[in-house]
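This is what each chain is made of:
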Amino acid sequence: MNVYEEYRRKLISIDEAVAMVSSGCSIAAAMAASAPPGLLGALGKRRDEVENVRVFSALLLRDYDFFLDPSMKGHFFLESWFYGAGERRGHELGTVSLIPSHGREWGIRKAQFDPPDFFWGTACPMDRHGYFSLSLGVGYEKDLLAVAKTVVLEINPNLPRTYGDTQVHISQVDYVVENEAPLFELQPIEPSAEEKAIGAFVADLIEDGSTIQLGIGGIPNAIATFLMNKKDLGVHTEMFTDGMVDLAEAGVITGRCKTLWPGKMVGNFALGTKKLYNFLHENLAIEFQPGRVTNDPCVIAKNYKMVSVNTALQIDLTGQVVSESIGHLQYSGTGGQTDTAVGAQMSPGGKSIIALRSTAKKGTISTIVPFLPEGAKVTLHRADVDYVVTEYGVAHLKACSIKERVNRLIAIAHPDFREELRREARRLKLE
Ligand code: COA
């Protein structure tokens, strides 16, 4: 078989690919920076010809009209594993609904119970053996590609060629479209004074030789800058970030002490700037694996001294962690927070850290609250919480009674709110 001939035979235009979509069908589309901008951008053009088309995806970072234009209602509907700003707007419009799910299950459970008709992904150009690399994301992509009736890949030469379980052969693909689009870049934000204090506390908890996971959000990203003095860290994460590149280039991340995939940085998707994407390109030290592997607590636990670092929006005095909602507002998703927190604690010498600012809304409200507000969704169960860090210190909650949790959490709350928290704790008979 000549793979180049097969490629040419399968090459169609974006409009031709989108023309295959029919009423009532479902499309699984790759997520975040690996979402296919050409295909998803053209989908809305079919509005007047189709109804009830469902798209499954997560963290779509561009403004796609198929779910952000109110006139698309009834024609297209987005089911999302993880909300960003776009999905939050779509939710308000009634064109998006969350799929509550742990990161480890996104692909395998959809494949098992609701397999898609189409898989739309992105890949870098085919190599001479006929292989594509799915590049920036394999969280759920390969699991859904395997069960979809029709697989379409959007080929973009700007995408880095990544290694691990990212390879797809031309024989597994029904159609290819070509689109040389700029990659989505998420610029890191300069850490605030509070985030710097949190970073220093978290760094104290991470011993040399640990394997780390850094979650999504400003705080985990800021923490990377405080790890520059560590030795021989390893990475087993969900998301690759710019901060990890700095640590690898500074010789801090070596993977030398890793007990699983020694020497390799393991993750399932990447989101950052060109610096990160260039670092990932043809880098044999990078091992992409699907979410069902990277996020399986039993796999995570095979790393010794595994430390997970995630952030949250709120925590109550009993230790219930809310990371995905603000009251009734669905803000993001569960992602890998529970997977990574539980897996890290199962690892010999492991720790799980929830790092959050003590206040929100310019210091007007405490993120440590006596009880959760109406509509709050618990992301990390209080039985699974371990360390909590704010800019005021570290509270180790594991094995503590609620009475003791109350004391430790109030000690790291913002001083302006400590008295009120104490009063409420007394009223609620928590202490
Ligand atoms: N009440 C009301 N609003 C709050 C709040 C609270 N308790 N806590 C934070 N907010 C507001 C902030 O002020 C901010 O609003 P603004 O943008 O208008 O200033 C907004 O909520 C988000 O906070 P921010 O700190 O900017 O979010 P982030 O980008 O750092 O992400 C999470 C933080 C928690 C949303 C994110 O980490 C997440 O979704 N986690 C769950 C999944 C996860 O951890 N996965 C880990 C593996 S990748």
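Residues numbered from 1 in each chain as written. Predicted model: local features only at pLDDT ≥ 70, side-chain atom pairs only at ≥ 80, totals over all residues. Heavy atoms only, no water.

## Comments concerning the overall build of the protein chain
Here is the rule we go by: What counts as a helix is a DSSP run of H or I of at least four residues, what counts as a strand is a run of E of at least two, and both are numbered from the N terminus. Radius of gyration here uses only the C-alpha atoms, and the compact-globule reference equals 2.2 Å multiplied by the residue count raised to the power 0.38. Buried residues are those whose accessible area, probed at 1.4 Å on protein chains only, stays under 20% of the maximum for their type, while exposed residues exceed 50% and partly exposed ones sit between those limits. Accessible surface is estimated by sampling points in the Shrake-Rupley manner with a 1.4 Å probe; for residues, cover comes only from the protein chains shown. Neither His nor the chain termini are counted; the positive set is Lys and Arg, and the negative set is Asp and Glu. Positions of charges follow a simple convention, taking NZ of Lys, CZ of Arg, CG of Asp or CD of Glu.
Each helix and strand in the protein chain was counted, giving 16 helices and 26 strands. Here the C-alpha radius of gyration of the protein chain, 22 Å, is about what a compact globule of 431 residues would show, namely 22 Å. Its C-alpha atoms put the protein chain at 70 × 50 × 35 Å along the principal axes. Relative to its 431 residues, the protein chain shows a buried fraction of 60%. Carbon and sulfur atoms make up 51% of the accessible area of the protein chain, which totals about 17100 Å². Each charge sign in the protein chain was given a centre, from 45 positive and 52 negative side chains, and these centres are 5 Å apart.

## Brief notes about the site of the ligand
Keep this limit in mind: Definition of nearness: a residue and a molecule or strand are near each other if at least one heavy atom of the residue lies within 4 Å of the molecule or strand. Definition of a polar contact: a pair of N or O atoms within 3.5 Å, with one able to donate and the other able to accept a hydrogen when the atoms are protein atoms, and with sequence-neighbouring residues admitted only if both atoms are side-chain atoms. Under the scheme applied, nonpolar residues are Ala, Val, Leu, Ile, Met, Phe, Trp, Tyr, Cys and Pro; charged residues are Asp, Glu, Lys and Arg; polar residues are all the others, including Gly.
Residues in contact with the ligand amount to 25 residues; listed here are only the nearest, Ile216, Glu238, Leu313, Ser332 and Gln337. At a separation of 2.9 Å, an oxygen atom of the ligand approaches a polar backbone atom of Gly218. At a separation of 2.4 Å, an oxygen atom of the ligand approaches a polar side-chain atom of Ser332. The protein chains hide 74% of the 980 Å² of surface that the ligand would expose on its own. A per-class count over the shell around the ligand returns eight nonpolar, 14 polar and three charged.

## Description of a nonpolar patch on the surface
Under the convention used in this document: Residues enter a patch when their relative accessible area is above 30% and they make no salt bridge; the linking distance is 9 Å between like charges and 5 Å between nonpolar side chains (Val, Leu, Ile, Met, Phe, Trp, Tyr). Should a side-chain nitrogen of Lys or Arg be within 4 Å of a carboxyl oxygen of Asp or Glu, the pair is scored as a salt bridge.
Nonpolar side chains collect at one region of the surface, where Ile326, Leu329 and Tyr331 lie side by side and expose about 250 Å² of accessible area between them. Within the secondary structure, Tyr331 sits in the loop between strand 20 (329-330) and helix 14 (337-346). On the accessibility criterion, Tyr331 (31% relative accessible area) is partly exposed.

## Overview of the pattern of salt bridges
Evaluated as defined, the whole model comprises 26 salt bridges. Among the salt bridges present, the one from Arg161 reaches Glu282, with a minimum N-O distance of 3.9 Å. Highlighted residues: Arg161 in the loop between strand 7 (150-155) and strand 8 (167-169) and Glu282 in the loop between helix 11 (274-280) and strand 15 (286-288), separated in sequence by 121 residues. In this structure Arg161 comes out as buried when scored by relative accessible area, which is 15%. In this structure, the salt-bridge partner of Glu195 is Arg357, at a minimum N-O distance of 2.4 Å. Highlighted residues: Glu195 in helix 8 (residues 193-205) and Arg357 in the loop between strand 21 (351-355) and strand 22 (359-360), separated in sequence by 162 residues. Of the residues examined, Glu195 reaches a relative accessible area of 10% and is grouped as buried. The network of salt bridges with common partners includes Arg54, Glu79, Lys110 and Asp114.

## Remarks on the side chain of Ser325
The condition that has to hold: For this analysis, residues touch if any pair of their heavy atoms sits within 4.5 Å.
Structurally, Ser325 can be placed in strand 19 (residues 325-326). What makes Ser325 buried here is its relative accessible area of 1%. Apart from the residues lying within four places of it in its own chain, the contact partners of Ser325 are Leu313, Tyr331, Gly375, Ala376 and Lys377.

## Observations regarding the environment of Asp143
With respect to the secondary-structure elements, Asp143 resides in helix 7 (residues 141-147). On the accessibility criterion, Asp143 (11% relative accessible area) is buried. Those residues in contact with Asp143 that sit more than four places away from it in its chain are Gly107, Ile108, Ala111, Pro290 and Arg292. In terms of polar contacts, Asp143 uses its side chain to reach the side chain of Arg292, at 2.8 Å.

## Structural notes on the sheet that holds strand 16 (residues 306-310)
The criterion, for reference: When DSSP finds at least two bridges between two strands, those strands are taken to pair. Note on geometry: axes are lines fitted to C-alpha atoms, helical ones only across the stretch in contact, with angles between N-to-C directions running from 0 to 180 degrees.
Taken together, six strands build an open sheet; the order of strands is 11-10-16-21-25-26 and the sheet is mixed. Among the strands making up the open sheet, the edge pair consists of strand 11 (234-235) and strand 26 (393-396). Relative to strand 11, strand 10 (residues 211-214) is paired through two bridges, and the arrangement is parallel. Each bridged residue has a counterpart across the sheet, and for Ile212 the counterpart in strand 11 is Val235. Of the strands in this sheet, strand 16, strand 21, strand 25 (387-390) and strand 26 touch helix 8, which is tilted by about 150° from strand 25.

## With respect to the packing of aromatic side chains
Stated formally: Note on aromatic contacts: the rings of Phe and Tyr and the six-membered ring of Trp form a pair at centre separations within 6.5 Å, being stacked when their planes are under 30 degrees apart, edge-to-face when over 60 apart, and tilted otherwise. Two thresholds decide whether a charge sits over a ring: the Lys NZ or Arg CZ must be within 6 Å of the ring centre and within 35 degrees of the ring normal.
Per the stated rule, a full pass over the model turns up eight aromatic pairs. Aromatic pair Trp81 and Tyr140: ring centres 4.6 Å apart, planes at 35°, arrangement tilted. Of the two residues, Trp81 sits in the loop between strand 3 (76-80) and helix 5 (85-93) while Tyr140 sits in the loop between strand 6 (131-133) and helix 7, which places them 59 residues apart along the sequence. Comparing Trp81 with Tyr140, the two get one shared label, buried. In textbook terms, an aromatic cluster arises when at least three aromatic residues are bridged by ring pairs, as seen for Tyr64, Phe66, Phe67 and Phe76. Over the aromatic face of Tyr331 sits the side chain of Arg88, whose NZ or CZ is 3.8 Å from the ring centroid. The ring of Tyr392 has Arg418 sitting right over it, with the charged end atom 5.4 Å from the ring centre.

## Brief notes about the nonpolar core
Filter applied, for reference: Residues enter a nonpolar core if they are buried and are Ala, Val, Leu, Ile, Met, Phe, Trp, Tyr or Cys, with the set joined through side-chain atoms within 4.5 Å.
Ranked by internal contacts, the top residues of the largest apolar core, which has 72 residues, are Phe132, Leu153, Val202, Phe240, Met265, Leu280 and Ile353. Core analysis: the next-biggest nonpolar cluster, separate from the first, contains 31 residues, Leu43, Val53, Leu78 and Tyr83 among them.

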